[in-house]
Amino acid sequence: DGYSELSAYEQKRLKNLMENAKFFAALKLPETAARLRQITTKSQSHVTKRAKPKKANDETIRRRSMRLQRIEPSGISMPEVSAQAKAEEYPQVPAGPLPMVPEDQVESSKSTDDLFTTWMRISEVLLATIMMLSRYQDSLNRMVLSQENVKKVVKSRVSSMALHPSESILLVAAGDKFGHVGLWNVDCKSEEGAHIFIPHNSLVSCMHFSPFNSAHLLSLSSEALRCGDVTRAVFDEICRGEESLSSFAFLEDTASTAVVGHWDGEVTVVDRRTPGTSPELSADVGFKRMRTVHVHPVNKQYFIAAGSVDVCIYDVRCLKPTGNKPVSTLTGHTKSVASAYFSPITGNRVVTVCADDKLRNVHLPLFFFFPPCLFFCRHNNNTGRWLTRFQAVWDPKQEDCFMVGSMARPRQIEVFQDTGKLLHSFYNLDCLGSVCSINVVHPTKNILVGGNSSGRIHVF
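Residues numbered from 1 in each chain as written. Predicted model: local features only at pLDDT ≥ 70, side-chain atom pairs only at ≥ 80, totals over all residues. Heavy atoms only, no water.

Looking at an unreviewed UniProt entry, one finds the chain named WD repeat-containing protein 76, with Crotophaga sulcirostris as its source organism. Taken verbatim from the UniProt record of the chain, the Sequence similarities (unreviewed entry) comment is "Belongs to the WD repeat DDB2/WDR76 family." (UniProt positions renumbered as here; feature names shortened; annotations may be inferred.)

A. A look at the pattern of salt bridges. In this structure the tally under the stated criterion is 11 salt bridges. For arginine 240, the salt bridge is made with glutamate 237, and the minimal N-O distance between the two is 2.4 Å. Look at arginine 240 and you get partly exposed, because its relative accessible area is 32%. Residue glutamate 237 is classed as buried on the basis of its relative accessible area, which comes to 15%. Beyond isolated ion pairs, a larger network of salt bridges with shared partners links Arg226, Glu237 and Arg240. (Salt bridge = Lys/Arg side-chain N within 4 Å of Asp/Glu carboxyl O. Buried < 20%, exposed > 50% of the residue type's maximum accessible area, 1.4 Å probe, protein only.)

B. The arrangement of the sheet that holds strand 27 (residues 438–441) in detail. Within the open sheet, the four strands sit side by side as 2-29-28-27. Their pairing is antiparallel. Two strands in the sheet have a free side with no partner beyond their single neighbour: strand 2 (150–152) and strand 27. Across the sheet, the axes of successive neighbouring strands diverge by a mean angle of 20°, strand direction being ignored. Sheet topology places strand 28 (residues 448–451) next to strand 29 (residues 456–459); three bridges connect them, and they run antiparallel. Among the inter-strand pairings, valine 449 is bridged to a residue of strand 29, identified as valine 459. (Pairing = 2+ DSSP bridges. Helix = DSSP H or I, 4+ residues; strand = E, 2+ residues; numbered from the N terminus. Axes fitted to C-alpha atoms, helices over the stretch in contact; angles between N-to-C directions.)

C. Region of the structure containing the packing of aromatic side chains. Scanning the entire structure with this criterion turns up seven aromatic pairs. Ring centres of phenylalanine 303 and tyrosine 314 lie 5.8 Å apart, and the angle between their planes is 25°; on these two criteria the pair is classed as stacked. One end of the pair, phenylalanine 303, is in strand 16 (residues 302–307); the other, tyrosine 314, is in strand 17 (residues 311–315), with 11 residues separating them in the sequence. Taken together, the aromatic side chains of Phe287, Phe303 and Tyr314 make up a single cluster linked through ring pairs. Over the ring of tryptophan 386 we find arginine 385; its NZ or CZ atom is 4.5 Å from the centre of that ring. (Phe/Tyr/Trp six-rings, centres within 6.5 Å; stacked < 30°, edge-to-face > 60°. Lys NZ or Arg CZ within 6 Å of the ring centre and 35° of its normal.)

D. Geometry of unusual backbone geometry. Of note, the amide linkage connecting arginine 409 to proline 410 takes the cis form, showing an omega dihedral of -5°. Not every positive phi belongs to a glycine, and alanine 255 is a case in point at roughly 60°. For alanine 255, the position within the fold is in the loop between strand 11 (245–250) and strand 12 (257–262). Note on alanine 255: relative accessible area 1%, which makes it buried. Of note in this structure, aspartate 357 is not a glycine but carries a positive phi near 65°.

E. Representation of empty space enclosed by the protein. The final tally for this structure, using the stated rule, is two cavities of 30 Å³ or more. What lines the largest cavity is Leu359, Arg360, Asn361, Phe375, Phe376, Cys377, Phe402, Gln417, Asp418, Thr419 and Gly420. Those elements that place two or more of their residues in the lining of the largest cavity are strand 21 (358–363) and strand 22 (373–378). Split into classes, the residues belonging to the lining of the largest cavity amount to five nonpolar, four polar and two charged. (1 Å grid on protein atoms, 1.4 Å probe; cavity = no way out; pocket = protein on both sides within 12 Å on 5 of 7 lines; lining within 4 Å. Points joined across faces, edges and corners; volume = space filled by probe spheres on them. Nonpolar A, V, L, I, M, F, W, Y, C, P; charged D, E, K, R; others polar.)

What follows is the structure, encoded as structure tokens:
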């Protein structure tokens with residue numbers, strides 16, 4: 001049979017293979033698989049494929065409040081506002097000088113003339129005095145808020161404020177995120193005590209009364225630096241930028257020259273005495289972003305700039321277009337810095353507000369030649385997107401004390417000593433129910449003014 005020469009083991013192996021082959025042949029597996037394949041193909045040909053639904057462009061559904069949906073609490077929809085109507089509500093402010101006329105008037109009225117007359121009458125610069133800490137705390141305790149000293153002065157979020165230095169009349173100036181500038185004569189108890197002007201197209205990030213002539217109110221938005229001259233009832237244009245201006249500070253007591261910070265990290269020097277709106281000098285200091293600039297109160301050639309995580313002191317005499325080196329660098333900030341200001345009398349201290357939830361107070365050595373001494377305290381600076389960022393401001397009458405807004409409840413404005421010690425908290429459960437991000441202190445009187453994100457001003 002051809003297998004006689006094989007061993008017994010190999011013969012048994014071949015026999016098992018042949019029996020297995022006959023068994024699988026009897027099962028007819030290939031024919032069964034072919035029939036199943038045919039059946040599956042026929043059934044699939046009769047199935048209609050359902051079209052896949054198209055994915056929405058924005059799968060994330062955001063919750064929107066009834067106010068944003070323009071729905072009244074009763075459920076009745078409010079009429080839609082067209083783009084043309086919105087443009088008419090906030091018309092663009094042209095370049096060049098602007099008449100100082102309130103937004104709701106075509107020409108000056110008697111109430112506006114009375115405001116201008118009061119402003120001109122009180123425009124005189126007064127000197128500040130330093131109080132002992134115990135007397136200072138007593139004066140803070142006497143500063144209270146009443147309902148008659150709360151008023152909505154601008155239409156939107158307060159982004160900057162300034163106080164007239166007069167001791168006879170309290171005049172408050174406030175800027176908001178829409179470019180409005182509101183003037184409020186606090187001593188005038190009638191409804192006509194406040195007026196709104198529109199000298200800018202965008203957020204008014206900085207404003208100061210001139211230290212030389214307080215009949216001049218200088219205000220800055222991203223597109224222009226303007227001077228409101230009450231004697232001529234005109235908002236003059238001093239400097240024009242390409243949507244990049246962030247803050248300014250006077251370089252001398254006469255307020256003729258100023259250093260202007262730009263959002264993109266550039267610094268310019270402007271001179272109000274020269275014609276035109278171009279700067280005298282432009283310098284790149286290497287910042288990615290610049291929020292505030294402030295000039296030293298004694299050595300006015302020095303200014304401090306605060307940006308992303310940078311806080312540096314520069315000498316304006318050494319500025320050049322590129323390659324600028326700081327005189328001193330204040331390190332330690334790990335997140336963006338909202339503001340940095342010299343102390344008001346000697347300039348030997350700097351207070352900064354940082355997004356890392358710290359208030360830092362830096363004691364500067366003479367001429368910045370030695371390492372500074374740093375004090376800091378924990379402080380919730382997480383204001384979010386709907387509130388103006390906190391800025392700590394010094395009390396002009398006190399070298400070692402500063403004010404800052406607070407996220408704590410009840411809502412309050414806090415006073416700190418330069419060591420980080422909390423001295424006092426201003427609050428009123430009946431009259432203050434919101435966060436006052438922007439605060440300003442009167443240079444000679446015990447008056448504190450806070451502004452919130454609805455345009456309301458509170459006077460303590």
